[in-house]
Amino acid sequence: MTRRISKYKRFMMMNPIVQFFKFIYLSIKVLLVVAGGHGGTRSA
Amino acid sequence: MAKIVVLGAGIAGHVAASHLRRKLNKEHEVVVVSPNSNYQWIPSNIWVGIGRMKPQDILFPLAPLYAKKHIDYKQAKAVSFHPEGDQDQNRPYVMVEYVSEGNKGNKEKVTYDYLINATGPKLNFEATEGLSPGKNKAHSVCTYTHAQEAWNALEGLIEQMKQGKKIKILIGTGHAKSTCQGAAFEYILNVEQELRRHNVRDKAEITWISNEFNLGDFGMDGMLMSYGSNIMKSSEMVGMVFEDRNISWILGAGVNKVEDGVAHYENLDGEQKQESYDFAMLIPSFSGHGFKAYDRTGMDITDKLFRGFMIVDADYTPKPYEEWSVQDWPETYQNPSYPNIFAPGIAFAPPHSISKPRKSKNGTDITPAPPRTGMPSGITAKLVADNIIEMIKQSNKELHHKGSMGNMGAACIASAGFGMTTGSGISITTYPIVPDYQKYPDTHGRKLGKTFGSIGLAGHWLKLALHYAFIYKAKMKPFWWLIPE
């Protein structure tokens, strides 16, 4: 096993308070990407 | 009055039928033909495969919902397509064969004005010798029954590991041209976490085997993404996670034969190799269903409708990888020969792969097939429904709703472990799905910012929230249509 994720980073990844705000941020960002529209490519 | 027949009740078929029913008044008929009696939220099969969800948590019966929503439902499978009718039937129709008890084996000509082929893929286990779910210690998570069988086998092994037995686990793709690496990626991380939860991680050697050239290809040629304040390749991110979790990997592997506890594969160097295992989960290749089509006189016109999957408005001209462009990809999913037939989701024939095609030194194609699951399936199904609604209401021949995978974003919220406080998820969004190297030449064909990755507990919560949200939506509960595809 090779440690590739530092203890601090792992703490941030798994801290429920930090991650709660991340959850809100991710939800909005995913929504913007997915519901942000789609269209054709041939007339562009 | 129009009659719209939807073949399939998976993500694409169900989304199309739901939107058609909501937006068309009752004088128009919406018919769903599916051999499956249940709707299943396939992305959560992963959690059935590790015993953290039961099949009943991810499915519900279709018949009561469709009866309530005035959608005609036939539990049957499509057999052949007759887009011009025949000598006895003037209208186009699909020959279907019932599979439900009571009228099993009975056939019916289901006529239509518009046809949506959302039959998805055939899970082509036969393409790999010896690959069959539950046999040769190799499993699948492609359906909830497969996932449940996988968990039953894994649970037994965990008990043996607790007694001190050491085992080898092999997870990945079971064919040189498999797709859906994302599902296997989720499963390997979930299995790894479950082994840690049961305190037996040190008893297992876990290996990823894949037809990808690089880690994190996912059938989409990999991606360059924003990761925090950095820009990172998906291969680097997946490599980081695998190394951190002590998962080794074999890439460029076309699995061609599975025996009891041994997977045989050819690599890009043309070497025939093998990998032993005590438990495997290998995703099969996907193929079309082998449907036949006939014209009014009974002549075989399968070539006009299918090339494996259904032919749509893509550019299928064979050309080298360097000449591929996003313009090759379909925009409306309409069959060019029969404008009243559409094929959203996995049912349409892609013009080519998204990943760079590679052959082994023996000439074997070892390239991931392009993914069209999940969000793209839902989005393309909705736009097909919207175009049909316009054609009906406005007698409009021009299709205004377009959605090329070269101009569409997608999110892959990959579970990396289950648990409200111990879980993890790898959230990746990609825009566009098919890289546009002309528009975004410096960022591997993708728009940074809209293509990003994130790892952490929030990803698990997001995946869980999507599970409940999409099942709510699929059950067509109040305001379901506000939830985007």
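Provided above is the structure to which this section pertains.
Just so we're clear, the structure is a prediction, and the values are computed from it rather than from any experiment.

**Student:** Whenever I open this one, the environment of Ser226(B) confuses me. Can you help?
**Tutor:** All names here are of chain B. Residue position: Ser226 is located in strand 14 (residues 224-227). Separated by 139 residues in the primary sequence, Ser226 and Asp365 place their C-alpha atoms 31 Å from one another. Discounting chain neighbours no more than four positions away, the residues touching Ser226 are Leu448, Gly449, Thr451, Phe452 and Gly453. A distance of 3.1 Å separates a polar atom in the side chain of Ser226 from the backbone nitrogen of Gly449.

**Student:** In this structure, what is going on with a nonpolar patch on the surface? I would like to understand it.
**Tutor:** Judged by side-chain polarity, Ile17(A), Phe20(A), Phe21(A), Ile24(A), Ile28(A) and Leu32(A) come together as a nonpolar surface patch covering roughly 650 Å² of accessible area. If you trace the backbone, Ile28(A) turns up in helix 2 (residues 16-34).

**Student:** Teacher, can you tell me more about the pairing of strand 14 of chain B here?
**Tutor:** Along a regular strand, successive side chains alternate from one face of the sheet to the other. Residues and elements named next belong to chain B. Where burial is concerned, the two faces of strand 14 agree: the one with Leu224 and Ser226 and the one with Met225 and Tyr227 are both buried. The hairpin formed by strand 14 and strand 15 (residues 230-233) contains two residues between the paired strands, and Gly228 there has a positive phi angle of roughly 60°. Pairing between strand 14 and strand 28 (residues 452-456): two bridges, direction parallel. Of the residues in strand 28, the one forming a bridge with Ser226 is Phe452.

**Student:** Hey, could you run me through the nonpolar core in this one?
**Tutor:** Generally speaking, soluble globular proteins have nonpolar side chains that are buried together. Residues and elements named next belong to chain B. Membership of the largest hydrophobic core comes to 148 residues, with the highest contact counts inside it found for Leu20, Phe81, Ile169, Tyr187 and Ile426. Ranked by residues supplied to this core, first place goes to helix 8 (residues 375-394) with 10 residues. With near-sequence residues (within four places) excluded, Ile426 lies in contact with Phe185, Leu189, Met237, Val241, Cys412, Ile413, Ala414, Ala416, Ser454 and Ile455.

**Student:** I'm lost on the sheet that holds strand 5 (residues 72-74) of chain B in this one. Help?
**Tutor:** Pairing between sheet strands relies on hydrogen bonds along the backbone, with the strands arranged either parallel or antiparallel. Residue and element names in this part refer to chain B. Reading across from one edge, 5-2-1-9-25 is the order of the five strands in this open sheet, with parallel pairing throughout. The strands lining the two open edges of the sheet, one partner per strand, are strand 5 and strand 25 (341-342). In this structure, strand 9 (residues 114-117) lies alongside strand 25, joined through two bridges in parallel fashion. Bridging across to strand 25, Ile116 finds its partner in Phe342. Relative to the sheet, helix 1 (residues 11-23) contacts strand 1 (3-7), strand 2 (29-33) and strand 9, its axis offset from that of strand 2 by approximately 165°. Contacting strand 1, strand 9 and strand 25, helix 8 runs over the sheet at an angle of about 175° to strand 9.

**Student:** Just checking my understanding: could you explain the packing of aromatic side chains for this structure?
**Tutor:** For any pair of aromatic rings, the description consists of the separation of the ring centres together with the inter-plane angle of the planes. Overall, the coordinates contain 17 aromatic pairs over all chains when judged by the stated rule. Directly above the aromatic system of Phe213(B) lies the positively charged group of Arg358(B), at a separation of 3.6 Å from the ring centroid.

**Student:** Any chance you could explain the sheet that holds strand 27 (residues 424-430) of chain B here in plain terms?
**Tutor:** Residues and elements named next belong to chain B. Here five strands make up an open sheet; going across it, the order is 15-14-28-27-26 and the pairing mixed. Two strands in the sheet have a free side with no partner beyond their single neighbour: strand 15 and strand 26 (410-417). Across the sheet, the mean angle from the axis of one strand to that of its neighbour is 30°, orientation sign disregarded. When strand 26 meets strand 27, the two strands line up antiparallel, connected through seven bridges.

**Student:** Looking at this model, I keep getting lost on unusual backbone geometry. Mind explaining?
**Tutor:** Glycine aside, the phi torsion of most residues is negative, and most peptide linkages are trans. Residues and elements named next belong to chain B. Along the chain, Tyr431 connects to Pro432 via a cis peptide bond; the corresponding omega equals -10°. Although it is not a glycine, Cys180 adopts a positive phi angle of roughly 65°. If you trace the backbone, Cys180 turns up in the loop between strand 12 (167-173) and helix 5 (181-197).

**Student:** Would you mind showing me how to read the pattern of salt bridges here?
**Tutor:** Side chains bearing opposite charge may pair, as long as their charged atoms lie close to each other. A full pass over the atoms with the stated rule returns 28 salt bridges over all chains. With a shortest N-O distance of 2.8 Å, Arg4(A) and Glu243(B) are connected by a salt bridge. Residue Arg4(A) is located in the segment before helix 1 (7-14), and its partner Glu243(B) is located in helix 6 (residues 234-244); the two belong to separate chains. You can call Glu243(B) partly exposed: its relative accessible area is 27%. One salt bridge in this structure joins Lys203(B) and Asp202(B), with 3.4 Å as the shortest N-O distance. Take Lys203(B): its relative accessible area is 21%, and that puts it in the partly exposed class. Given the relative accessible area of 55%, Asp202(B) is considered exposed. Residues joined by salt bridges that share partners form a network here, namely Glu192(B), Arg196(B), Arg201(B) and Arg245(B).

What counts, and at which threshold
Residues numbered from 1 in each chain as written. Chains lettered and ligands numbered in written order. Predicted model: local features only at pLDDT ≥ 70, side-chain atom pairs only at ≥ 80, totals over all residues. Heavy atoms only, no water. Helix = DSSP H or I, 4+ residues; strand = E, 2+ residues; numbered from the N terminus. Contact = heavy atoms within 4.5 Å. Polar contact = N/O pair within 3.5 Å; in protein donor to acceptor, adjacent residues only side chain to side chain. Patch = residues over 30% accessible without salt bridge, like charges linked within 9 Å, V, L, I, M, F, W, Y side chains within 5 Å. Areas by Shrake-Rupley, 256 points an atom, 1.4 Å probe, with all protein chains shown as cover. Salt bridge = Lys/Arg side-chain N within 4 Å of Asp/Glu carboxyl O. Buried < 20%, exposed > 50% of the residue type's maximum accessible area, 1.4 Å probe, protein only. Pairing = 2+ DSSP bridges. Core = buried A, V, L, I, M, F, W, Y, C linked by side-chain atoms within 4.5 Å. Axes fitted to C-alpha atoms, helices over the stretch in contact; angles between N-to-C directions. Phe/Tyr/Trp six-rings, centres within 6.5 Å; stacked < 30°, edge-to-face > 60°. Lys NZ or Arg CZ within 6 Å of the ring centre and 35° of its normal.

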